[in-house]
Structures are given as C-alpha cells and as structure tokens.
Amino acid sequence: MKKHIETNLSHIAAFAPFEDVAGASHFPIYNTGTFDLKKQDSSNGGKIYDYTRSDNPTREMLENLFTQVEGGAGCVCTHTGIASVALLFETVLKANSHILVEADCYGGTFRLLKVFKEKYNITVHFADFLEFDEMEKILSENPIDLVLCESPTNPGLKIIDLKSVAKLSKKYHALFAVDNSLATFISQRPLELGADFSLFSTTKYISGHGAVVAGAIVAKTQELADEIHYYANAHGRSQNPMDVYLITLGIPTLKVRMAEHEKVSIKIAEFLEEQDYITKVTHPALKSHPQYDLAKEQMDYIPGVFSADFESLELAEKFIENTKIFGEKCSFGSPDSRVEIPAKISHASFSKEELEAIGIAEGTVRFSIGLENIEDLIEDIKQAVK
Ligand SMILES: Cc1ncc(COP(=O)(O)O)c(C=O)c1O
C-alpha cells in the first residue's frame, strides 16, 4: 500500500534496514565506528556493515526514509547541509566542468562555488532562472554538466518553474539539482518534477528545532545514487548516527509545523505590507508575489520565510535592536522567529552589485517565522520600530 508522506514520517523505524529485536519505537543509535564482520548473519537483513563512514544502520534508516518521500533511488545523509552541496559538486563536476546556477543562491553555496572555481577551474555561469532565453543561451553555448537552483530562492524568494528547468537541462544533457531546504519534501518533490537530485539542509524545517546541523542528498536513479554513496565514503561526507537520531525527533511533526509556519508568516507579512515604513514585502503566499500562482501549484505548503524592505537600513537595525522576540540569527525553520539582514549575515560574501542583482536592498530584512502567537509577534514589531 502506497502511504502518504506524513504516515511514513510518523513511522521512521519502519525504514530501518532490519527489525529491532525489542521492537523499539525509536530504532537504536548504532553509535559505533566499526562492526565485527565475523558476528553478522542474515538477521540484520543480509547486509554486512564494516565501518560507519561507509554505512551505518541508523543512518541507513533515515536515508531509506528520505529516498521514499522524495521519490528517489538512494540517498546519503551528510554531516551538514552544505556538505550535501559539496557532495553534489564532488560527484558531478570534474576539473574544468561548467555549472549553471540561479544567481539568487544561498551564500554558503556561493562561497563553495568560488572555492571550486579557484581550486578546480570550474566555470560558474549565473543566471536568472525566470529568464529561459538567458538560460538556454548559456546551455547552448557551453558544455554545462550541472544546473542548480533553490526554489523558493533565498533570500529573494523567487519561485522557479522546476518542471521547465528540468526539461531544459535534459535537452542539453545537463544534470539538474534542486536545493529543497526551504520548501522540504512535505511541500515540494523536485524528483517528481524531473530533477536528478534533491538536496537539503536538515538543520532547518526537517529537524525543526534548531538543535543540530545536517543535510541529505537524494538521487533519482540507482546509478547516481551509487555515485553519491561512493563519493560520500571517499570524501567522508556521511552524517554521524547520534545526529541522525536528533534529526528523527523532529521529523514526525514536519507537516503540522509547516502548516503553522505558513499560517503565522502570512499574517505577519500581511501586517507588514500595511505599514508605511515598509517599502516591499516578498512572500510567495501573498497575491502581490509575482509567481503566486506557480508557488501555489508547485508547493503544498509555503514556507514561513519572507523578506520585508524597511525604508532605511537604520530603521531595520533599530527594529532588530529593539525586538524582544525575534532573535538576530541566521538559518530558518526553527520554532523561534528570527530575523537577519542578508547583506550583513547570510549573504555577506556577496558584493553590493551581486546583492542588487538579486533584489536585496540595504534595508531588506529576512524573516523566518516560528511557532509563536501571532498577536505577540505583531505587538513586538510595533514596539520595536517606535
Ligand atoms: C538553501 C540552503 N542550502 C544549504 C544550506 C546549508 O546548510 P547547513 O547550514 O546545514 O550546512 C543553507 C543554510 O542556511 C541554506 O539556506
């Protein structure tokens, strides 16, 4: 019987590679570096474990779950979210490869691209993925191995038409990867839309409590899954079992949390849209968003991250200084609401020109709305800007 995602998320232990003899609700944390080859028999599913960097039953459970819910052939859970991006590059790119990336990408991905460019002579082409002609020109004129984007983008919150980008990538024989950190698989499944890889930071909504840093990458085909597994072992990218356990604690509530993040964030965004000190609010769930229809079609839940442009950097800083609820923190997807000025924190590695190109102003504040009471958040914003 094919089960809905939330049913699978509520029964993570069912994805363990073998049954726990005690029927534990939480599959045990195999917190070990090595396994004795002589002591294993068919009771562990016939698979032989030797070393946790290569394979570990606790991690395999989470990898099996992510493979199922993303609709892929295999997965590697990584020690951080950016490690899943690095693992993607290490798997797909060779020295002198070309990569096409949506210009509005996570600052850490941008920094990593710089590293690959300098160390391995990778040519990085940035484009606005809303502009298909621009993308097609780059794809037709260069031997692109990999196309990469986020959707929604962060912090610009553009919605990329993943089905169309997948088609275009296929036409030019490039692999297509989607960073699904913001939407998560409860909302959007890139592999079903034609992507070859879906990767994500589990640090955020998936773990849900901001208590651990981790990531994962799911491949569409067995061949690509085998390759990511090979490079994860070679480069030591895999996640440790203790952190896997911490991630599993948040997963069963992902759906209800995403629904609440969506609801509360829309109310806060609507409130801000009415304030005369705010020049623009960008939230994909608001009708004012230029890709509102696509957002609704492509995602089941709109994440609780949006941006608001304050009329000046001074006012944005005053708000952040005076707020009593919103922490000035990077990252998103935790129960506590947080704000940051992208130009100062998450996108500090972007130049002023690069920020302008992706629509980030000096006074742009990125909000990640948590699970607090709506009225408390609004009262806090009111007192902070007074
Ligand atoms: C879209 C996106 N991808 C990847 C990452 C990296 O994840 P981590 O911080 O878990 O390494 C982040 C972190 O903020 C992100 O926002």
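All values reported here derive from a predicted model rather than from experimental measurement. (Residues numbered from 1 in each chain as written. Predicted model: local features only at pLDDT ≥ 70, side-chain atom pairs only at ≥ 80, totals over all residues.)

Peer 1: Would you explain the site of the ligand in this entry?
Peer 2: Around the ligand, 15 residues are found, and the nearest of them are Thr80, Gly81, Ile82, Ser201 and Thr203. In the shell around the ligand, the residues fall into four nonpolar, nine polar and two charged. (Near = placed C-beta within 6 Å. Nonpolar A, V, L, I, M, F, W, Y, C, P; charged D, E, K, R; others polar.)

Peer 1: Explain the pairing of strand 2 (residues 98-102) here, please?
Peer 2: Successive residues of a regular strand alternate their side chains across the two faces of the sheet. With four of five residues buried, strand 2 is to be regarded as a mostly interior element. Inspection of the sheet shows strand 2 paired to strand 3 (residues 123-127) by five bridges, in the parallel sense. Looking across to strand 3, one finds that Glu102 is bridged to Ala127. Note on the crossover from strand 2 through helix 4 (residues 107-120) to strand 3: the handedness is right-handed. Of the strand pairs in this sheet, strand 2 and strand 4 (residues 144-150) are connected by four bridges, and their pairing is parallel. Looking at strand 4, one finds that Val101 is bridged to Leu148. (Buried ≥ 20, exposed ≤ 12 C-beta atoms within 10 Å, placed from the backbone. Helix = DSSP H or I, 4+ residues; strand = E, 2+ residues; numbered from the N terminus. Pairing = 2+ DSSP bridges. Right-handed = clockwise from strand over helix to strand, strands pointing away.)

Peer 1: Would you mind showing me how to read helix 4 here?
Peer 2: Three or four residues apart is the spacing at which side chains of an α-helix point the same way, because the helix has 3.6 residues per turn. In this model, helix 4 (14 residues) spans 20 Å end to end at C-alpha, consistent with the 20 Å of a helix rising 1.5 Å per residue. Asn121 sits one or two positions beyond helix 4 and adopts a positive phi of about 55°. (Expected span 1.5 Å × (residues − 1).)

Peer 1: I would appreciate a short explanation of the sheet that holds strand 5 (residues 175-179) in the present structure.
Peer 2: In space, the seven strands of this open sheet follow the order 1-7-6-5-4-2-3, with mixed pairing throughout. Where the open sheet ends on each side, the last strands, each with one partner, are strand 1 (74-78) and strand 3. Averaged over all adjacent pairs, the angle separating strand axes in this sheet is 20°, with direction ignored. Strand direction decides the pairing type here: strand 4 and strand 5, joined by five bridges, are parallel. Bridge pairing in strand 5 links Leu148 to Ala177. On the sheet, helix 2 (residues 57-70) packs against strand 1, strand 6 (197-201) and strand 7 (215-219) and is oriented at approximately 125° with respect to strand 1. (Axes fitted to C-alpha atoms, helices over the stretch in contact; angles between N-to-C directions. Contact = placed C-beta atoms within 7 Å.)

Peer 1: I would appreciate a short explanation of the domain arrangement of the protein chain in the present structure.
Peer 2: In terms of domains, the protein chain is made up of domain 1 (5-252) and domain 2 (255-385). Between the C-alpha centres of domain 1 and domain 2 there is a distance of 26 Å. Each partner contributes residues to the interface: domain 1 has 27 residues there, and domain 2 has 33 residues. Considering each element in turn, the side of domain 1 that touches domain 2 owes the most residues, three residues, to helix 4. Of the residues assigned to the side of domain 1 that touches domain 2, the class counts are eleven nonpolar, ten polar and six charged. (Domains from an automatic or database assignment.)

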